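Residue-level structural notes
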Amino acid sequence: MAVSSEVAKRRAGDPPRLEMMGITKQFPGVLANDNISFSVKPGEIHALLGENGAGKSTLVKMIYGIMAPDQGQILWNGELVKVSNPRAARKLGIGMVFQHFSLFEALTVLENIALGLDSKISQRDLEKEIRRVLDLYGLKLDPQRIVSTLSVGERQRIEIVRALLLDPRLLIMDEPTSVLTPQEVEQLFETLRKLAAGGCSILYISHKLHEIIALCDTATILRGGRLVATCDPKEETPKSMAELMIGANLKEIARPAGRGFGPEKFSARGLSLPKHGDFGVALHDISFSVRAGEILGVAGVAGNGQNEFMEALSGERVALNAAAVRLDGIDIGRLGPTQRRALGLCAVPEERNGHAAVADFTLADNSSLTARRRMGFMQGGLISFSRVAAYAERVIKGYSVKALGHYSTAGSLSGGNLQKFIMGREILQEPTALVCSQPTWGVDAGAAGAIRQAIVDLAGRGCAVVVVSQDLDELLEFCDSLVVINLGRLSRVMKVGDVSIDEIGLLMGGVHGDPKATAEMTEQLHAHSA
Amino acid sequence: MRIRLEKRREPSQLMQAITPVAAVVLTMIIGAIIFQLIGYEGPRAVKEIFFTPIFAAYKWSDVARRAAPLILIGLGLCVGNRAKIWNIGAEGQYIVGALSGAGVAYLTQGFTGYWIVPLMILAGVVGGALWAAIPAFLRTRYNVNEILSSLMLVYVAAQLLNYLVTGPWKDPNGHNFPQTAPFTVWQMMPKTILGTPFPPGLFVAFFFVAVFWVVMSRTEYGLAIRVVGDAPKAARYAGFSADRMVWSALMISGAMAGLAGVLEAASQSGQLNLGFPSGYGFTAIIVSFLGRLNPIGVLISGTVLAVTYVGGQVAQSAVHVPSSSAGIFQATMLFLILASDVLVRRRIRFVPAPKQAPVTVIAGAAK
């Protein structure tokens, strides 16, 4: 008690660890940050909250010295500083853990950390130092392991250790939980709380509201490049913060009550595929079945075979036996994507640019990619321009895609708009079954809501839908049933509503790379349910 | 002032059209300066190379004769280059096409009939396609880089020509010169047709410009070619097989080069000798890029490159520049067109130099 009150007093007296004053950054065509001011106190866990495109990333890139602000000042411990590059930022004591890791898969943890250091230090000393940091924060990680054998959670720990080795006074975490199981999230929070108790400030970027309520002392909310509110998350509800973030009332997904399911439409039986390349994941004995009108969610931590699962269902990789994948009573396991599509199976892969769409192509040409046969674009062996253009316009109108017209290139659209176009392109083909991966990934809340609604409506018309997503909340919100993918295997099918988050977390791999902790947690879970 | 390159939201259509023209103009300027510096009359060399063949009507036939194979091969290469499947060996396929035609001629000595020329052409097309099928097989089966294999096969084809014209196919009445027997009238096409000064190959080239334009812009195959080059993953997603694209792109370009070779042999040279390879297969790579991998562009760029070929010879006698000067101009053009691509996707912006932010240290108020 005495210690904490002293800490509080010290906090009140000291200048803020970081103070942003009137930061403005202009990009061609968009004002990314508009006169933003806020401060982070020593030892404070400060949330930076906002939708995609709200300007969070731009703001932290300026703190970390990746970009320079056009206007405004940055104060570090009360002193005006100019952070000209990330090295300078690290020298000041600013560490950053990026959403996308920069790790060499073929090297060990130790080698990866050594490569990222600004100063030269012998491997032996470095290992000692790493072990000290791991012990101090109770992190579990073996410095001698090869990165390719590690789970995403463990990889993130490498990045965290890399930042902690520099003894930072401010740690920036960019969307750190998007790749973690619920159990791993809890462990991460423990580490962050310990860090903060030691006086390190944390700038925590996220759009997951319940996490911010659980973890953060203060939240700064950005919308469209402006600061709209600074609040204490403990006194807010997820709904109130979400509405500040979006600037409008949240729309609930409308679902017809008491829907029944039709007959089985789409299924896999014992689908196995060897792994492709050194870092691929093999699929083992995948089985599931989706009925007409049903939405099956596939949860799991990234890199557990989701991409392979998608490719095996869409036909980009064919199965070893025809009966492994069935659509409407037809064995389609040996068919390629064009034939599967002709039979009524449409798919939306995770990656928008370069996989689901070609950035340099017009929206019309992008329509031809998947809809050319189903929507009758072919006329005497030639692709009919007018039909393609008309279909592209239908998608643009039907899904309120913000684009000049069918002649706009896919690359000129924002991520959310392109995703709406891609989903619309597949949904308007009225497929018998739709498989999509991360349908709302990196999409703003408004567009995400529209996309989820479109999927629910499609299912309402009798389509069997499979949704692969790493966002568990999203799956629980609109799926009827749920499976978990882990190391290329599917769990049993569960009914949404009957499942507990803890159980799903354990199926997702529990605490990755830490069998003991997973076993303990399983025990707790069983004791709890008994 | 600083110069900054900014990414455009959309690739510029205007720049797509302007940059090839700018590349040609810049080539003239740079060429004039360089030739002047090394002691020739630079501006005059440029005039002879680029303008004499256009303004002197008696040179048109010569330009057309060279434009025909360049356009035909360039069209075929557009398909591969669009799909980022690089056929560098069109020269070899051109030689093998001509050899295949000459093989038919060798076997039909003493025969008469209108069927012989079509058979020779067919043999040329098939021969070129099969020669290009070798790199396709190596690439799809053993993942051998097609740039290397197709290029190396050029030298194999040249040796094959060497062997045949000095060995089995050597003209018995040729005074021991390394050449085949002259084709008979039944094995030849007229040098120029339809009362024009233009060779039959030019009209064939016009026909194929139209065919390729339709195929590239209007068919599923054209779509597949464009997708495979731009985004291989999207191609797989759209159901286009990458292996099929490798096979077809290489064989189509091989067939076109073979066609060009057999037309050249049967309508112009009338026999094969060691001097038959003329570098059209390599120059056509420049043609396809200068023409923006677009069939109509290839028609124009093929003509421009043919002009430099003819102009190079004119300049050689008029200004005494070396015979390789046309090649230097062609290479400069390719460099400039590839470099200017940056302007299609980016724009140049002049921005004022950044103001040096004052770095003062303000003492913490609460200390």
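Here the structure is a predicted model, which is why all the values come from computation and not from measurement.

Along its length, chain B carries 14 helices and two strands. Buried positions account for 47% of the 367 residues belonging to chain B.

Let us look at the overall build of chain A. Within chain A one finds 18 helices and 23 strands. The C-alpha radius of gyration computed for chain A amounts to 25 Å, which stays within 12% of the reference 24 Å derived for 530 residues, consistent with globular compactness. When its C-alpha atoms are laid out on the principal axes, chain A stretches across 75 × 50 × 45 Å. Taking all 530 residues of chain A together, 47% fall into the buried category. Look at the contacts in chain A between residues 6 or more apart in sequence, and 68% of them connect residues 24 or more apart.

The next point concerns the sheet that holds strand β15 (residues 330–331) of chain A. Residues and elements named next belong to chain A. Strand order in the open sheet formed by four strands is β12-β11-β14-β15, with antiparallel pairing between adjacent strands. With one partner strand each, in any of the chains shown, β12 (283–291) and β15 form the two edges of the open sheet. Looking at chain direction, strand β14 (residues 325–327) and β15 are connected through two bridges and run antiparallel. Pairing of Arg326 across the sheet is with Asp331, part of β15. Set on the sheet, helix α10 (residues 306–314) makes contact with β11 (264–273), β12 and β14; between it and β12 the angle comes to about 60 degrees.

Further remarks concern unusual backbone geometry. Residue and element names in this part refer to chain A. The phi angle at Glu175 is positive, at roughly 45 degrees, despite the residue not being glycine. In this structure, Glu175 sits in the loop between β7 (170–174) and α7 (182–197). According to the C-beta neighbour criterion, Glu175 is partly exposed, with 18 such atoms within 10 Å. Of note, Leu487 is a non-glycine position whose phi angle comes to about 50 degrees, a positive value. Looking at the element boundaries, Leu487 is found in the loop between β21 (481–486) and β22 (489–490). The class for Leu487 is partly exposed, based on 15 C-beta atoms found within 10 Å.

Let's shift gears to the confidence of the model for chain A. Residues and elements named next belong to chain A. Looking at chain A as a whole, the pLDDT averages 85, with 91% of positions reaching at least 70. The secondary-structure element of chain A with the lowest mean pLDDT is helix α1 (residues 2–13), recorded at 48, while strand β20 (residues 464–468) shows the highest, at 95. Segment residues 1–10 is flagged for pLDDT under 50; beyond a separation of four residues in sequence, or across chains, it makes one contact in the model.

Okay, the interface of chain B and chain A next. If you look at the interface, chain B gives 25 residues, while chain A gives 31 residues. Among the elements of the structure, α8 (220–230) and α9 (232–237) of chain B are those that each provide at least two residues to the side of chain B that touches chain A. For the side of chain B that touches chain A, a count of residues per class yields 13 nonpolar, four polar and eight charged.

Residue and element names in this part refer to chain A. Relative orientation of the contacting elements helix α12 (residues 363–371) and helix α14 (residues 415–427) amounts to 40 degrees, with a least axis distance of 10 Å. Judged on the interaxial angle alone, α14 and α12 are oblique. Note that α12 runs across α14; the crossing there is right-handed. Across from Leu363, Ser367, Thr370 and Ala371 in α12, the residues of α14 making contact are Phe421, Arg425 and Glu426.

All names here are of chain A. Taken in spatial order, the six strands make up an open sheet running β6-β7-β8-β3-β9-β10, and their pairing is mixed. Sheet topology places β6 (94–97) and β10 (226–231) at the edges, where each strand pairs with a single neighbour. For this sheet, the mean inter-axis angle between neighbouring strands, taken without regard to orientation, is 20 degrees. Relative to β10, strand β9 (residues 218–223) runs antiparallel, the two sharing five bridges. Of the residues in β10, the one forming a bridge with Ala219 is Cys231.

Another point: the confidence of the model for chain B. In the predicted model, chain B carries a mean pLDDT of 87, and the fraction of residues at 70 or more is 95%. Note on residues 355–367 of chain B: pLDDT under 50 across the span, and 16 contacts to partners over four residues away in sequence or across chains.

All names here are of chain B. The end-to-end C-alpha distance of helix α6 (residues 146–166), which contains 21 residues, comes to 30 Å, matching closely the 30 Å that a straight helix rising 1.5 Å per residue would cover. Considered for burial, the residues of α6 that qualify are Glu146, Ser149, Ser150, Leu153, Val154, Ala157, Leu161 and Val165. Here the buried residues of α6 occupy an arc of 155 degrees about the axis, which is enough to place them on one side. Away from its buried face, by an angle of more than 90 degrees, α6 presents the exposed residues Tyr155, Gln159, Asn162 and Tyr163. Turning to α6, the residues buried within the fold contact α4 (90–107), α5 (116–142) and α10 (242–269).

Moving on, we come to the packing of α5(B) against α6(B). All names here are of chain B. One can describe the packing of α5 onto α6 by two numbers: an axis separation of 9 Å at closest approach and a directional angle of 145 degrees. In the packing of α5 onto α6, the handedness of the crossing is right-handed. Facing α5, whose interface residues are Trp131, Ala132, Ile134, Pro135, Leu138 and Arg139, α6 presents Glu146, Ser149, Ser150, Leu153 and Ala157. In terms of residue class, the contact of α5 with α6 is made up of seven nonpolar, two polar and two charged.

Residues and elements named next belong to chain A. Examined against the element boundaries, Glu426 turns out to sit in helix α14. Along the sequence, Glu426 and Val348 sit 78 residues apart, while their C-alpha atoms lie 7.6 Å from each other. Aside from chain neighbours lying at most four places away, what touches Glu426 is Cys346, Val348, Thr370, Pro431 and Leu434.

Looking now at the nonpolar core. In terms of nonpolar packing, the biggest core is built from 253 residues, with A:Val465, B:Ile73 and B:Val227 touching the most fellow members. Per element, the largest residue contribution to this core is 15 residues, and it comes from α10(B). Among the domains, domain 1 (16–246) and domain 2 (264–356 + 425–499) of chain A are the pair contributing at least three residues each to this core. Other than its neighbours up to four places away in sequence, A:Val465 contacts A:Ile295, A:Leu296, A:Leu434, A:Ile455, A:Leu458 and A:Ala459.

Next up on the list: the domain arrangement of chain A. Residue and element names in this part refer to chain A. As assigned here, chain A comprises domain 1 (16–246) and domain 2 (264–356 + 425–499). For domain 1 versus domain 2, the distance between C-alpha centres works out to 33 Å. Taken residue by residue, the interface counts 12 residues in domain 1 and 10 residues in domain 2. Here the residues of the side of domain 1 that touches domain 2 sort into four nonpolar, six polar and two charged.

Conventions and cut-offs
Residues numbered from 1 in each chain as written. Chains lettered and ligands numbered in written order. Predicted model: local features only at pLDDT ≥ 70, side-chain atom pairs only at ≥ 80, totals over all residues. Helix = DSSP H or I, 4+ residues; strand = E, 2+ residues; numbered from the N terminus. Buried ≥ 20, exposed ≤ 12 C-beta atoms within 10 Å, placed from the backbone. Rg over C-alpha atoms; globule rule 2.2 N^0.38 Å. Contact = placed C-beta atoms within 7 Å. Pairing = 2+ DSSP bridges. Axes fitted to C-alpha atoms, helices over the stretch in contact; angles between N-to-C directions. pLDDT = per-residue confidence, 0-100. Nonpolar A, V, L, I, M, F, W, Y, C, P; charged D, E, K, R; others polar. Parallel < 35°, antiparallel > 145°, perpendicular 65-115°, else oblique. Left-handed = near helix turned anticlockwise from the far one by under 90°. Expected span 1.5 Å × (residues − 1). Arc of directions from axis to C-beta. Core = buried A, V, L, I, M, F, W, Y, C linked by C-beta atoms within 7 Å. Domains from an automatic or database assignment.

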